[in-house]
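# Summary of structural features
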Amino acid sequence: MSKIKVVYWSSTGNTEAMAQAIAKGIESAGSEAELLEADNVSAEDLKDDAVFALGCPAMGAEELEDSVVEPLVADLEGSVSGKKIALFGSYDWGDGEWMRTWTERMEKAGAEIVGGEGLICNNTPDEEGIAACEKLGVKLAEA
């Protein structure tokens, strides 16, 4: 199996910590993980991947980060049908609306969301949040 890409954007390090825990879960399940910052990834880089993870914290009024992640997600919408994708990110306010919107958007584009919904952690992921991320990584490896 090829490496499972865990693509993320993080401004404070919280979403990066989630990405690292997801990668640890992937590897604990016997697969290889590749951590990639979203700034260095294009939709073209993910077109042949049947399984991958995307991470972005809530920004502004519970939106995706608009200079890197939003353009990447917009480019991916035409090529995610039939793919298994995990979505994750941290937030500091609100109730997770950005993740619900993102999940719905990817599902409408034909993706299957691993775990059935996006995984969110309030601020820095605590022990429970890290465990949930690792579990999501295992699910990705098994997808």
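No experiment lies behind these values; they were computed from the predicted model shown.

Criteria and cut-off values
Residues numbered from 1 in each chain as written. Predicted model: local features only at pLDDT ≥ 70, side-chain atom pairs only at ≥ 80, totals over all residues. Heavy atoms only, no water. Helix = DSSP H or I, 4+ residues; strand = E, 2+ residues; numbered from the N terminus. Rg over C-alpha atoms; globule rule 2.2 N^0.38 Å. Buried < 20%, exposed > 50% of the residue type's maximum accessible area, 1.4 Å probe, protein only. Contact = heavy atoms within 4.5 Å. Areas by Shrake-Rupley, 256 points an atom, 1.4 Å probe, with all protein chains shown as cover. Lys, Arg positive; Asp, Glu negative; His and termini not counted. Salt bridge = Lys/Arg side-chain N within 4 Å of Asp/Glu carboxyl O. Polar contact = N/O pair within 3.5 Å; in protein donor to acceptor, adjacent residues only side chain to side chain. Phe/Tyr/Trp six-rings, centres within 6.5 Å; stacked < 30°, edge-to-face > 60°.

## Thoughts on the overall build of the protein chain
Of the regular secondary structure elements, the protein chain holds 5 helices and 6 strands. Reading the helices (α) and strands (β) of the protein chain from amino to carboxyl end gives β-α-β-α-β-α-β-α-β-β-α. Relative to its length of 143 residues, the protein chain is compact, with a C-alpha radius of gyration of 13 Å against a globular reference of 15 Å. If one aligns the C-alpha atoms of the protein chain with their principal axes, the spans along those axes are about 40 × 35 × 25 Å. Residue burial in the protein chain is summarised as follows: out of 143 residues, 48% are buried. Within the protein chain, counting contacts between residues at least 6 apart in sequence, those at least 24 apart form 80% of the total. Total accessible area computed for the protein chain in this model is approximately 6900 Å², and 43% of it derives from carbon and sulfur atoms.

## Regarding the environment of valine 68
Locating valine 68 in the fold gives a position in the loop between β3 (51-55) and α3 (69-76). Of the residues examined, valine 68 reaches a relative accessible area of 18% and is grouped as buried. A C-alpha to C-alpha distance of 24 Å links valine 68 and glycine 82, two positions 14 residues apart in sequence. Beyond its immediate stretch of four places on either side in the chain, valine 68 contacts Trp9, Ala38 and Asp39.

## What to know about the side chain of glutamate 62
With respect to the helices and strands, glutamate 62 occurs in the loop between β3 and α3. Summary of buried charges: glutamate 62 has no salt-bridge partner, and the nearest side chain of opposite charge, arginine 100, is 5.9 Å away. A distance of 2.7 Å separates the side chain of glutamate 62 from the backbone nitrogen of glutamate 97, its partner in a polar contact. Sequence-distant contacts of glutamate 62, that is, excluding residues within four places in its chain, are made with Trp93, Gly94, Asp95, Gly96, Glu97 and Trp98.

## Here we look at the packing of aromatic side chains
Following the criterion strictly, the structure yields 1 aromatic pair and no others. Here tyrosine 91 and tryptophan 98 contribute two aromatic rings whose centre-to-centre distance is 6.0 Å and whose plane-to-plane angle is 45 degrees, an arrangement assigned as tilted. Given a relative accessible area of 2%, tryptophan 98 falls into the buried group.

## Focus on unusual backbone geometry
Excluding glycine, most residues fall at negative phi; most peptide bonds, likewise, are trans. Residue glutamate 62 is not a glycine yet carries a positive backbone phi of 55 degrees. Taking relative accessible area as the criterion, glutamate 62 reaches 10% and is therefore assigned buried. At asparagine 123, a position not held by glycine, the phi torsion is positive, near 55 degrees. The topology assignment puts asparagine 123 in the loop between β6 (119-122) and α5 (127-142).

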